[in-house]
Amino acid sequence: MKKSLTIAAAVLCAVFALSSCSKAAAKKNFILATGGTSGTYYPFGGAIANIWNTKIDNMNVTAQATGASAENLRLISKGEAEFAIVQNDVMDYAYNGTDMFDGNKLPNLMTIGTLYPEVVQIAASKSSGIKSVADLRGKRVSIGDAGSGVEFNAKQILAGYGLTFDDIKKNNLSFKESAEGIQNGTLDACFITAGVPNSALQELAFTAGLILIPVDGAEADKICAEHSFYTKTTIPGGTYEGTDTDTAALAIKATLAVNAKLDEETVYQMTKALFENTAELGQAHAKGKEVSAAKAVTGVSVPFHPGAVKYFKEAGFNVQ
């Protein structure tokens with residue numbers, strides 16, 4: 001009898017061990033590529049990963065610090081990351097092999113949804129006389145770092161007003177350098193694509209003042225028609241010291257990209273978990289308060305993953 005019990009116990013232990021191994025093997029380990037540790041993408045990505053890890057069984061997503069959008073898309077293309085937070089305009093360039101990815105189209109890219117707006121902010125000095133984008137002709141203008149997404153935003157918006165880089169005195173400067181240039185009088189205006197408010201512009205507004213230049217009317221319609229990754233937005237009055245009225249602007253959107261090879265059910269579960277827990281996401285990171293399923297289907301120019309399509313259709317949104 002004792003021998004029989006011993007054998008039975010051994011069998012049960014073996015079954016338990018096999019069951020445990022099976023559960024361990026079923027655990028899904030993924031990488032979410034984000035951005036630099038001092039930026040927004042990295043901590044926001046950590047908040048997204050936490051939602052997935054706590055709401056989905058056997059899920060282990062690690063938010064990885066990276067060089068942001070362009071690098072993230074290459075990581076997905078090479079299979080070194082399954083997910084990434086990227087600018088939707090940079091994703092469009094990579095998917096179509098244009099602009100900064102000219103002739104180098106990246107495969108395996110699909111969209112889960114857009115997250116929050118990053119606004120193309122055009123600031124000018126009070127003494128510049130600039131009131132509209134058309135007034136930038138002949139002016140000293142910073143368009144962001146060379147080869148950056150900001151530079152392409154500037155190019156596209158200028159084109160909407162019939163201007164090219166040849167029509168301005170072009171400078172390629174960082175956000176901080178751009179604000180300092182306006183403050184010390186070596187620049188007249190600058191383009192900054194970032195969340196609102198931007199710290200460099202906050203400091204400029206406080207120390208020297210600034211004017212925000214609107215992008216609106218027929219020109220905004222034309223730019224949005226030609227570049228589907230733009231959405232219209234408003235910079236509220238009071239965002240920066242001395243700016244009391246609302247300013248019309250265009251925004252690109254921080255977007256959650258996914259490797260197209262990931263299976264439909266996994267992406268469905270992750271899309272559902274993310275957009276059904278936005279309140280918790282907003283508690284974890286301020287940008288989470290701007291995330292919603294309704295907004296997530298706007299500003300998308302790269303096809304949705306089938307798993308995301310399944311969720312959004314269930315939620316009542318018409319996506320393809």
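You'll find the structure just up there.
From a predicted model like this one, the values you see are computed outputs, not experimental measurements.

Peer 1: Just to check I follow, could you spell out the overall build of the chain for this structure?
Peer 2: When you go through the chain residue by residue, the secondary structure sums to twelve helices and ten strands. Across its three principal axes, the chain shows a C-alpha extent of roughly 100 × 40 × 35 Å. The buried share of the chain, reckoned over its 320 residues, is 48%. Look at the contacts in the chain between residues 6 or more apart in sequence, and 73% of them connect residues 24 or more apart. Working note: accessible area of the chain is about 14,400 Å², and carbon and sulfur atoms make up 52% of it. Distance between charge centroids for the chain: 7 Å, based on 28 positive and 32 negative side chains.

Peer 1: When you look at the pairing of strand β1 (residues 28–33) in this model, what are you seeing that I'm missing?
Peer 2: Both faces of the sheet carry side chains from a regular strand, because those side chains alternate between them. Two elements, β1 and strand β2 (residues 59–64), share six bridges in a ladder whose sense is parallel. Residue pairing across strands places Phe30 opposite Val61, the latter belonging to β2. A crossover links β1 with its parallel partner β2, the connecting element being helix α2 (residues 41–55), and its sense is right-handed. As judged from the two bridges shared by β1 and strand β3 (residues 83–87), these two strands associate in the parallel manner. The residue of β3 that forms the bridge with Ala33 is Ala84.

Peer 1: What exactly am I supposed to notice about the nonpolar core here?
Peer 2: Most often, soluble globular proteins have nonpolar side chains that are buried together. If you look at the biggest cluster of nonpolar residues, it comprises 45 residues, and the most contacted ones within it are Val133, Leu136, Ile157, Phe191, Val215 and Tyr230. Broken down by secondary-structure element, the contributors of at least two residues to this core are α3 (69–77), β3, α4 (88–96), β4 (109–124), α5 (149–160), β7 (189–194), α8 (217–226) and β10 (247–259). Considering each element in turn, this core owes the most residues, five residues, to α5. What Val215 contacts, discounting residues up to four positions off in sequence, is Ile122, Val133, Ile157, Tyr161, Ala220, Ile223, Ala248, Ala249 and Leu250. Among the nonpolar cores identified, the runner-up in size contains 38 residues, and Ala47, Leu256, Ala273 and Ala308 belong to it.

Peer 1: Explanation requested: the pattern of salt bridges in the structure shown.
Peer 2: Side-chain pairs of opposite charge can arise where the charged atoms are in close proximity. All chains considered together, the criterion is met by eight salt bridges. Across the salt bridge formed by Glu276 and Lys272, the nearest N and O atoms sit 3.1 Å from each other. Glu276 gets classed as partly exposed once you look at its relative accessible area, which sits at 46%. The residue Glu290 makes a salt bridge to Lys287 at a minimum N-O spacing of 3.1 Å.

Peer 1: I tried to follow the environment of Leu281 on my own but got confused; where do I start?
Peer 2: The residue Leu281 is located in helix α10 (residues 278–284) in this model. Note: C-alpha distance between Leu281 and Gly181 (100 residues apart in sequence) is 37 Å. Residues in contact with Leu281, not counting those within four places in the same chain, are Phe44, Ala47, Ile48, Ile51, Leu274, Gly288 and Val291.

Peer 1: Sorry, what's going on with the packing of aromatic side chains here?
Peer 2: Between two aromatic rings, the relevant description is the distance of the centres plus the angle of the planes. The tally for this structure, following the rule as stated, stands at eleven aromatic pairs. Taking the centre distance of 5.4 Å and the plane angle of 55 degrees together, the rings of Tyr93 and Phe152 count as tilted. In this pair, Tyr93 is assigned in helix α4 and Phe152 in helix α5, connecting sequence segments 59 residues apart. For the ring pair Phe304 and Phe312, a centre distance of 5.7 Å and an interplane angle of 65 degrees mean the geometry is edge-to-face. The rings of Phe275, Phe304, Tyr311, Phe312 and Phe317 are connected pair by pair, giving a single aromatic cluster. Its end group placed over the ring of Tyr95, Lys105 keeps NZ or CZ at 5.9 Å from the ring centre. Over the ring of Tyr268 we find Lys310, and its NZ or CZ is 4.4 Å from the ring centre.

Peer 1: Looking at this model, I keep getting lost on the side chain of Ser142. Mind explaining?
Peer 2: Positionally, Ser142 belongs in strand β5 (residues 140–142). Within polar-contact distance, the side chain of Ser142 engages the side chain of Ser178 at 2.7 Å. Every residue in contact with Ser142, bar those within four places of it in the chain, is listed here: Asn171, Leu173, Ser178, Leu187, Ala189, Cys190 and Phe191.

Peer 1: Would you take a moment to explain empty space enclosed by the protein for this structure?
Peer 2: Leftover empty space is mapped by rolling, across the atoms, a probe with the size of a water molecule. Under the definition given, this model contains two cavities of 30 Å³ or more. One number sums up the size of the largest cavity: a volume of about 40 Å³. Along its surface, the largest cavity is lined by Asn88, Met91, Thr111, Thr114, Thr255, Gly299, Val300, Ser301 and Val302. For the lining of the largest cavity, the elements supplying multiple residues, two or more each, are α4 and β4. A breakdown of the residues in the lining of the largest cavity according to their chemical character gives three nonpolar, six polar and no charged.

Parameters at a glance
Numbers given to residues run from 1 along each chain, matching the order in which its sequence is written. Restriction of local features to residues with pLDDT of at least 70 applies here, the model being predicted, together with a cutoff of 80 or more for giving and counting side-chain atom pairs; totals for whole chains, interfaces and linings are based on all residues. As a rule here, side-chain values cover all heavy atoms of the structure and leave hydrogens and water aside. Numbering of helices and strands runs from the N terminus; a helix is a DSSP stretch of H or I covering at least four residues, while a strand is a stretch of E covering at least two. Note on exposure labels: buried denotes an accessible area under 20% of the residue type's maximum, exposed denotes more than 50%, and partly exposed covers the range between, all computed with a 1.4 Å probe on protein chains only. By definition, residues are in contact when any of their heavy atoms lie within 4.5 Å. Computed by Shrake-Rupley with a 1.4 Å probe, the accessible areas treat only the displayed protein chains as cover when residues are assessed. A positive count includes Lys and Arg, and a negative count includes Asp and Glu. His and the chain ends are not counted in either. In this description, the location of a charge corresponds to atom NZ of lysine, CZ of arginine, CG of aspartate or CD of glutamate. The rule for pairing is simple: two strands pair if DSSP sees at least two bridges between them. Every crossover in which the path from the first strand over the helix to the second runs clockwise, viewed with the strands pointing away from the viewer, is termed right-handed. What is meant by a nonpolar core is a set of buried Ala, Val, Leu, Ile, Met, Phe, Trp, Tyr and Cys residues, joined one to another through side-chain atoms within 4.5 Å. Here a salt bridge means any side-chain nitrogen of Lys or Arg lying within 4 Å of a carboxyl oxygen belonging to Asp or Glu. Planes of paired rings set the category: under 30 degrees apart is stacked, over 60 is edge-to-face and the rest tilted, where pairs are Phe, Tyr or Trp rings (Trp by its six-membered ring) whose centres lie within 6.5 Å. Two thresholds decide whether a charge sits over a ring: the Lys NZ or Arg CZ must be within 6 Å of the ring centre and within 35 degrees of the ring normal. Two N or O atoms form a polar contact when they lie within 3.5 Å of each other; inside protein one atom must be a possible hydrogen donor and the other a possible acceptor, and for residues adjacent in sequence the pair counts only when both atoms belong to side chains. Of the grid points, spaced at 1 Å and generated over the protein atoms alone, those admitting a 1.4 Å probe that cannot get out make up cavities, while open sets with protein on both sides within 12 Å along at least five of seven lines make up pockets; any residue with an atom within 4 Å of a point is treated as lining. Grid points are joined across faces, edges and corners, and a volume is the space filled by probe spheres set on the points. Residues are sorted three ways: Asp, Glu, Lys and Arg are charged, Ala, Val, Leu, Ile, Met, Phe, Trp, Tyr, Cys and Pro are nonpolar, and all the rest, Gly among them, are polar.

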